[in-house]
Amino acid sequence: MGKKKRLKKLAATPPKVKPQKGFASNKAKQVSKSQPKYPTVHLLDRLDQWLSNHRLKAFIGIFVAFLITGIGLFDAYIMPIADDATYITQPLRLIEEGVYPSYTSVFYTVVMAIPAALFGVSILPFKIMSFIFGGLGLWLTYVFFKDRISATVLFATLFIYATNFEIQYYNSALMSESFFMAFQMLFFGLSFAIIDRYSDVDLQNFKSDILQKLPYWSLVGILFVLFSVTKNMALVCAVILSLFFVLKGKFKIAAYITSLFVFWRIIYSAFVRIVFGGTTVTSQFDTLFLKNMYDPSQGNEDLLGMIIRYWQNFNYYLSDVLLRYLGFREDGVMHDPLPIFSVLFALFCVFFIYRSFIKKDNVYAFTGLYVMGLLSVVFISLQFHWKQERQLIIFLPLIVLFVFGVLHQFAQSTNKAAIKWGVLLVLIALPIVQLRHLPDRWERNEFKREAFLANDPIGGYTMDWQNYYRMSVWAAENLPEGSIVGVRKAASSFAFTGGVDMFLRVGVSTRKPGNEVLEELSQRGITHLMACNLRLNPAVAVDGQIITTLYTYLQALYNYRPDSITPLHRIGETEPCTLYQINFE
């Protein structure tokens, strides 16, 4: 019995076979050893994720950088730019005389009537308002883009916005740039809300949807109109948004946006005409086609002249100004244009705008279309000799956001490590390179900071402007009542004297004979001329390179009749300023 049980047990138990180490098993082990336990994630993706998880902390850090940079570069003095002090005089005229602004930055002038009403002719409150608008623009950029684009792209852009030396320069100017940049972000927020709702949906129920949201659309129309009168170039803002929907094949919404804008623009024009008796067509449009704004006798540009103007501005702003602002070219000097860069950059933008439309990437499609559209308005509208570099600074954050964003999207779509490394390098390097001129600007602003802290009203000006300041005050204190002084910077003289209204702007050089000049001055009521050696380049004093406008008048008068002018008072051994009395008889 025992033997039979053992045999049955052996029969039921299979023999132990030693496993063979074959080729397949060896290969499987090799493969398993070569593969990581977890899939690799590129550093660019990890950075995106980390910044997304800590975006509030990251923004606070960038805002602190904005405050440090802004305070270090803060300029509490009137800047040597014609428009700067105008934003003190125009709000005061609106309050005191009911004169509605019609030249430029109309809505900004209306907003600045608030500090004008509260503080009068006091420079510092206006400067602080401008700085607040700079911070508001930075915050609105964060708010409206944080859920729409890569966190790395967003914070690389915000870092440039917060620390760029030229943006911070205008954050403490009296001009409208920082206000426009903030309002521009509000326009983007409204546009994105419309794009999100209507760009990729069926519009069969569009009419009923519009009626349900009529109060919202009314607010949008009003804000679009106010944005369009913040800077003249923004008149095309609604056209750009409509064009976006046309390119998406959404003709109903495109037509509605255009109609909405036109309707509220008519309402706005009627309001201004009825209440203020003014016009909403700014006087800048009168000079749009002139060959030379300062010499209308040269006539208007023809079609070829406008094409040449566009090309010259296109080259200058893209290959000189943009590269200077980003730290690739020396600051403070003009450079030879680089047409090859300008053309390649434009082709880059056109290609990626097209690609963004194809990929239905609405954020970058609209951003690129907006930037190219408004820059084209700048290039066609500005006479080349103006060289108003501030017309590009308002688009700098959007330009870098577009470039960063489309490169990031391209890298993500290819999913190739080498391309991702290249894009990551750009996202890190460019914000660092644009800091190149910051230490120099910080150092150049040191004498202004010291003068401001010492409560010195003129110590923050260069010598030419110190003499201009002193002569304005001297004229206000010593000339008889009823005197009118022709000056190059009337708004600055008004601010320097605490609001003495005796200065008239003489802004265009004259080629008239002396008898006609004398007649012109008599008709304007000008009794004195203040000729000062204001620098052509505010940063550097160079013999002979001064603004000669008033000297052309003096020369014409002297050539006509030497005794028609009498020097009354001179201030300054270097870069002097001289006050002349006009003798009409």
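Quick caveat: nothing in here was measured; it's all calculated off a predicted structure.

## Notes on the overall build of the protein
Piece 1. For the protein, the helix and strand inventory stands at 27 helices and five strands.
Piece 2. Going through the 585 residues of the protein one by one, you find that 51% of them count as buried.
Piece 3. Within the protein, counting contacts between residues at least 6 apart in sequence, those at least 24 apart form 71% of the total.
Piece 4. Total accessible area on the protein stands at roughly 28800 Å², and carbon and sulfur atoms take up 63% of it.

## A closer look at the nonpolar core
Piece 1. By size, the foremost hydrophobic cluster in this structure holds 159 residues, and its most contacted members are Phe-145, Phe-155, Trp-217, Phe-224, Phe-245 and Tyr-370.
Piece 2. Take this core: its biggest share by element is twelve residues, from helix H11 (residues 177-198).
Piece 3. Ignoring sequence-local partners within four residues, the contact set of Phe-155 consists of Leu-51, Arg-55, Ala-58, Phe-59, Ile-62 and Tyr-142.
Piece 4. The next biggest cluster of nonpolar side chains, apart from the first, holds 15 residues, and it includes Leu-518, Leu-554, Ala-556 and Tyr-580.

## As for the packing of helix H9 (residues 151-163) against helix H20 (residues 396-414)
Piece 1. Orientation of H9 relative to H20, taken along the N-to-C sense of each, is 155 degrees, at an axis distance of 9 Å. One way to sum up the angle between H9 and H20 is to call them roughly antiparallel. For H9 against H20, the interelement crossing comes out right-handed. Here Val-153, Ala-156, Thr-157, Ile-160 and Tyr-161 of H9 come into contact with H20, specifically with Pro-397, Val-400, Leu-401, Phe-404, Gly-405 and His-408.
Piece 2. Looking at side-chain class alone, the contact of H9 with H20 contains eight nonpolar, three polar and no charged residues.

## Re empty space enclosed by the protein
Piece 1. In the structure shown here, the tally under the stated rule is three cavities of 30 Å³ or more.
Piece 2. By volume, the second largest cavity amounts to about 70 Å³.
Piece 3. Around the second largest cavity, the lining residues are Tyr-468, Arg-488, Met-530, Ala-531, Cys-532, Leu-534, Ile-547, Leu-550 and Tyr-551.
Piece 4. Elements with a minimum of two residues in the lining of the second largest cavity: strand E3 (528-532) and helix H27 (549-560).
Piece 5. Considering every element that reaches the lining of the second largest cavity, the biggest residue donor is E3, with three residues.
Piece 6. Tallied by class, the residues present in the lining of the second largest cavity amount to eight nonpolar, no polar and one charged.

## Things to note about the side chain of Gln-391
Piece 1. Tracing the sequence through the fold places Gln-391 in helix H19 (residues 390-393).
Piece 2. Among the residues examined, Gln-391 registers a relative accessible area of 9% and is labelled buried.
Piece 3. A distance of 2.8 Å separates the side chain of Gln-391 from the side chain of Gln-388, its partner in a polar contact.

## Thoughts on the sheet that holds strand E4 (residues 565-571)
Piece 1. One open sheet holds the five strands; their spatial order is E2-E1-E3-E5-E4, and the pairing between them is mixed. Two strands in the sheet have a free side with no partner beyond their single neighbour: strand E2 (503-505) and E4. Each strand of the sheet is rotated relative to its neighbour by a mean of 30 degrees, with strand direction disregarded.
Piece 2. Strand contacts of H27: strand E1 (485-487), E3, E4 and strand E5 (577-582), with the helix running at about 125 degrees to E3, the strand carrying the most contacts.

## Quick word on the packing of aromatic side chains
Piece 1. In the structure shown here, the tally under the stated rule is 55 aromatic pairs.
Piece 2. Look at Phe-66 and Phe-131: their rings are 5.1 Å apart centre to centre, the planes differ by 20 degrees, and that puts the pair in the stacked class. With a gap of 65 residues between them, Phe-66 in helix H4 (residues 55-73) and Phe-131 in helix H8 (residues 123-145) connect regions that are remote in the sequence. Note on accessibility: Phe-66 and Phe-131 belong to one class, buried.

## Re the packing of helix H17 (residues 339-358) against helix H18 (residues 362-381)
Each pair of packed helices can be summarised by the angle the axes make with each other and by the distance between the axes.
Piece 1. Orientation of H17 relative to H18, taken along the N-to-C sense of each, is 145 degrees, at an axis distance of 8 Å. Pair H17 / H18 crosses with left-handed handedness. For the pair H17 and H18, contact is made by Cys-349, Val-350, Ile-353, Ser-356 and Phe-357 and by Tyr-364, Ala-365, Gly-368, Leu-369 and Met-372, respectively.

## Details of the pairing of E4
Piece 1. As paired elements, E4 and E5 share six bridges and run antiparallel to each other. By the bridge assignment for E5, Pro-567 is matched with Tyr-580.
Piece 2. In this structure, the hairpin formed by E4 and E5 is closed by a connection of five residues, where Gly-572 is found at a positive phi of approximately 100 degrees.

## Describing helix H21 (residues 417-433)
Piece 1. The end-to-end C-alpha distance of H21, which contains 17 residues, comes to 24 Å, matching closely the 24 Å that a straight helix rising 1.5 Å per residue would cover.
Piece 2. Within the sequence span of H21, burial applies to Lys-420, Val-423, Leu-424, Leu-427, Leu-430 and Pro-431. Angularly, the buried residues of H21 cover 145 degrees about the axis, an arc narrow enough to put them on a single face. What points out from H21, more than 90 degrees from its buried face, is the exposed set Ala-418, Leu-425 and Ile-432.
Piece 3. Looking at the packing, one finds that the buried side of H21 touches helix H3 (43-53), H9 and H20.

## Some points on the state of the cysteines
Piece 1. Following the criterion strictly, the structure yields one disulfide and no others.
Piece 2. Disulfide pairing is shown between Cys-532 and Cys-577; the S-S distance is 1.7 Å. Taken together, the residues Cys-532 in strand E3 and Cys-577 in strand E5 connect sequence positions 45 residues apart.
Piece 3. Cys-532 gets classed as buried once you look at its relative accessible area, which sits at 7%.

## Describing the layout of surface pockets
Piece 1. In this structure, the second largest pocket spans a volume of roughly 320 Å³.
Piece 2. If you trace the second largest pocket, you find 14 residues lining it, with Leu-326, Phe-341, Phe-345, Val-403 and Leu-430 closest to the centre.
Piece 3. Among the secondary structure elements, those contributing two or more residues to the lining of the second largest pocket are helix H16 (303-325), H17, H20 and H21.
Piece 4. Per-element accounting of the lining of the second largest pocket gives the leading share, four residues, to H20.
Piece 5. Looking at side-chain class alone, the lining of the second largest pocket contains 14 nonpolar, no polar and no charged residues.

Calculation rules
Within each chain, residue numbers correspond to sequence positions counted from 1 in written order. Per-residue local features are limited, in this predicted model, to residues with pLDDT of at least 70; the limit for side-chain atom pairs, both in listing and counting, is 80 or more; totals at the level of whole chains, interfaces and linings are taken over all residues. As a rule here, side-chain values cover all heavy atoms of the structure and leave hydrogens and water aside. By definition, any uninterrupted DSSP run of H or I lasting at least four residues is a helix, any uninterrupted run of E lasting at least two residues is a strand, and each is numbered from the N terminus. For the exposure calls, accessible area comes from a 1.4 Å probe over protein chains only, and a residue counts as buried if that area is under 20% of its type's maximum, exposed if over 50%, partly exposed in between. Contacts are residue-level and defined by heavy atoms, with any inter-residue pair within 4.5 Å sufficient. For accessible areas, the Shrake-Rupley method is used with a probe of radius 1.4 Å. Any residue's cover is judged against the shown protein chains and nothing else. Here, nonpolar core refers to any group of buried Ala, Val, Leu, Ile, Met, Phe, Trp, Tyr and Cys residues whose side-chain atoms link them within 4.5 Å. As a rule, the C-alpha atoms of each element are fitted with a line to give its axis, helices using only the stretch in contact, and angles between N-to-C directions run from 0 to 180 degrees. In this scheme, roughly parallel covers angles under 35 degrees and roughly antiparallel covers those over 145, while 65 to 115 is roughly perpendicular and the rest are oblique. In this scheme the handedness of a crossing depends on how the near helix is turned from the far one: anticlockwise by less than a right angle means left-handed, clockwise means right-handed. Residue polarity is assigned by list, with Asp, Glu, Lys and Arg as charged and Ala, Val, Leu, Ile, Met, Phe, Trp, Tyr, Cys and Pro as nonpolar; anything else, Gly included, falls into the polar class. Using protein atoms alone on a 1 Å grid, points that fit a 1.4 Å probe yet trap it form a cavity, whereas open point sets bounded by protein on both sides within 12 Å along at least five of seven lines form a pocket; residues with an atom within 4 Å of a point count as lining. Grid points are joined across faces, edges and corners, and a volume is the space filled by probe spheres set on the points. Any pair of nitrogen or oxygen atoms within 3.5 Å is treated as a polar contact; in protein, a donor-acceptor pairing is required on top of that, and neighbouring residues in sequence qualify only through side-chain atoms on both sides. What makes two strands pair is DSSP finding at least two bridges between them. Two rings belonging to Phe, Tyr or Trp (six-membered ring only in the last case) form a pair when the distance between their centres is within 6.5 Å. Interplanar angles under 30 degrees mark stacking, angles over 60 mark edge-to-face geometry, and anything in between is tilted. A helix is expected to reach a length of 1.5 Å times the quantity of its residues less one. An arc is given here, and it is the one of the directions from the helix axis to the C-beta atoms. Disulfide assignment relies on a single distance test, namely cysteine sulfur atoms paired within 2.5 Å.

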